[in-house]
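# Examining the three-dimensional arrangement
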Amino acid sequence: MCGRYSLIIGMEQLVIRFGIGRVETELVPRYNVAPTQVMPVVVGQEGNRELRMMQWGLVPFWAKDRTIGNRLINARMETVAEKPAFKYALRQRRCIVPADGYYEWQKTGAGKQALRIVRPDREVFGLAGLWEQWQDPAGDLLFTYTILTTSPTAPVKHIHDRMPLVLNPEQEDFWLYGLQGTTPAEVGSFIKNLWSPPELTSYPVSNLVNNPRNDNPLCIAPA
DNA sequence: CCAGACGTTGTT
DNA sequence: GTCTGG
DNA sequence: CCAGACGTTGTT
DNA sequence: GTCTGG
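Scope of this entry: the structure provided in the associated data block. (Residues numbered from 1 in each chain as written. Chains lettered and ligands numbered in written order. Predicted model: local features only at pLDDT ≥ 70, side-chain atom pairs only at ≥ 80, totals over all residues. Heavy atoms only, no water.)

What follows concerns the protein's contact with DNA strand D. Taken together, Met1, Gly3, Arg4, Pro35, Ile73, Trp105, Lys112, Asn210, Asn211 and Arg213 make up all the residues around DNA strand D. Each atom of DNA strand D within 4 Å of the protein belongs either to a base or to sugar and phosphate, the latter forming 76%. A distance of 3.0 Å separates a phosphate oxygen of DNA strand D from a polar atom in the side chain of lysine 112. At 3.3 Å, a backbone N or O of asparagine 210 approaches a sugar or linking oxygen of DNA strand D. Looking at the surface near DNA strand D, its residues break down into 4 nonpolar, 3 polar and 3 charged. (Near = heavy atom within 4 Å. Polar contact = N/O pair within 3.5 Å; in protein donor to acceptor, adjacent residues only side chain to side chain. Nonpolar A, V, L, I, M, F, W, Y, C, P; charged D, E, K, R; others polar.)

Turning our attention to the nonpolar core. Counting residues in hydrophobic clusters, the biggest one holds 62 residues, and the most contacted among them are Tyr5, Tyr102, Tyr145, Leu148, Trp175 and Ile191. Residues Tyr31, Val118, Tyr203 and Val205 belong to the second largest nonpolar core, which totals 8 residues. (Core = buried A, V, L, I, M, F, W, Y, C linked by side-chain atoms within 4.5 Å. Buried < 20%, exposed > 50% of the residue type's maximum accessible area, 1.4 Å probe, protein only.)

Attention now moves to the protein's contact with DNA strand B. Around DNA strand B, the structure places 18 residues, and the nearest of them are Arg71, Arg76, Lys107, His160 and Asp161. Within 4 Å of the protein, the atoms of DNA strand B are drawn from sugar and phosphate moieties in a proportion of 69%. One of the side-chain nitrogen or oxygen atoms of arginine 71 is found 2.8 Å away from a base nitrogen of DNA strand B. Separating a phosphate oxygen of DNA strand B from a backbone N or O atom of alanine 85 is a distance of 3.4 Å. Here the surface near DNA strand B takes 3 residues from strand 6 (residues 74-76), the largest share from any one element. Grouping the constituent residues of the surface near DNA strand B by class yields 7 nonpolar, 4 polar and 7 charged. (Helix = DSSP H or I, 4+ residues; strand = E, 2+ residues; numbered from the N terminus.)

Take the sheet that holds strand 14 (residues 201-204) next. If you walk across this open sheet you meet the 5 strands as 3-1-8-9-14, and the pairing is antiparallel. Single-partner strands in this sheet number two, and they are strand 3 (30-33) and strand 14. Pairwise comparison of adjacent strand axes, ignoring direction, gives a mean angle of 30 degrees for this sheet. With 2 bridges joining them, strand 1 (residues 5-7) and strand 3 adopt antiparallel strand pairing. The residue bridging leucine 7 from the neighbouring strand is arginine 30, located in strand 3. (Pairing = 2+ DSSP bridges. Axes fitted to C-alpha atoms, helices over the stretch in contact; angles between N-to-C directions.)

The volume enclosed by the largest pocket comes to roughly 230 Å³. Lining the largest pocket are 15 residues, with Arg91, Gln92, Arg94, Leu176 and Gln180 positioned closest to its centre. Residue assignment for the lining of the largest pocket shows that the elements contributing at least two residues are strand 4 (38-45), helix 2 (87-92) and helix 4 (169-177). With 3 residues, strand 4 is the single largest residue contributor to the lining of the largest pocket. (1 Å grid on protein atoms, 1.4 Å probe; cavity = no way out; pocket = protein on both sides within 12 Å on 5 of 7 lines; lining within 4 Å. Points joined across faces, edges and corners; volume = space filled by probe spheres on them.)

Together, Phe61, Trp62 and Tyr88 give the surface a local cluster of nonpolar side chains, amounting to about 310 Å² of exposed area. Mapped onto the fold, tyrosine 88 is located in helix 2. (Patch = residues over 30% accessible without salt bridge, like charges linked within 9 Å, V, L, I, M, F, W, Y side chains within 5 Å. Areas by Shrake-Rupley, 256 points an atom, 1.4 Å probe, with all protein chains shown as cover. Salt bridge = Lys/Arg side-chain N within 4 Å of Asp/Glu carboxyl O.)

Looking at the secondary structure, you find arginine 71 in the loop between strand 5 (48-56) and strand 6. You can call arginine 71 exposed: its relative accessible area is 59%. Sequence separation between arginine 71 and phenylalanine 190 is 119 residues, and the spatial gap between their C-alpha atoms is 25 Å.

Okay, the pattern of salt bridges next. Here the idea is simple: oppositely charged side chains can pair when their charged atoms come close. Scanning the model with the defined rule gives 10 salt bridges in all. Glutamate 172 is the partner of arginine 49 in a salt bridge, and the nearest nitrogen-oxygen pair spans 3.6 Å. Taken as a pair, arginine 49 in strand 5 and glutamate 172 in helix 4 lie far apart in primary sequence, 123 residues in all. Under the relative-accessibility criterion, glutamate 172 is labelled buried at 1%. It is possible to trace a salt-bridge network through shared partners that takes in Arg17, Arg49, Glu172 and Asp173.

Honestly, that's just the spatial picture; any functional story needs more than this.
Given below as structure tokens:
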């Protein structure tokens, strides 16, 4: 699965990598991104890509309160088209979540070992995501996102039984725009067609990353 | 009909 | 908003 | 994902 | 054990 990640690269690189037209905010390097935190996601608007800041943990537009977002940090690719919490966002509000590594915790005899998963070339990932807009009782808008998960590929199969849905760059436009003009019945095959196995590698890191309050280069240092 | 849930992970 | 369960 | 709280009363 | 917050 994907419950913690990093985004260290700067805005300039991000803008180039994802072809962002307009930038909303400054970015600081993040070594330990946890659910509920506000991070940039890439959204498409009429052929133009835009970076928007949103909170990790999807709050569906119909939710009565925002705490549901704590539990909706991931969406299973296999069922996302049917789940009430995700189906509307899947049709209307897809996004790409930039991350240059994500973390998994592997059970060991002594407890848990944190691992960081990256690309072999250390390039940034584009993770398939969904976003939502929710209105709180006071009328303020909350923008949130979630990350899709799928079956693990060979390099990470031994670590965990899920992994985030990593888009290859040539699949990113399809993810953002490929649903235009399709019927609800076609959404399922859309999901299956967009994925191909990414290259991944992993290494152990310090358990300092366990605590979300730790957000510094030690989180990505090989243990 | 209305009421109540709406999710993932991992672990058992 | 929509679906399931009672 | 992990860490940390998990409660009431009354007073500041 | 379970929920909330980061």
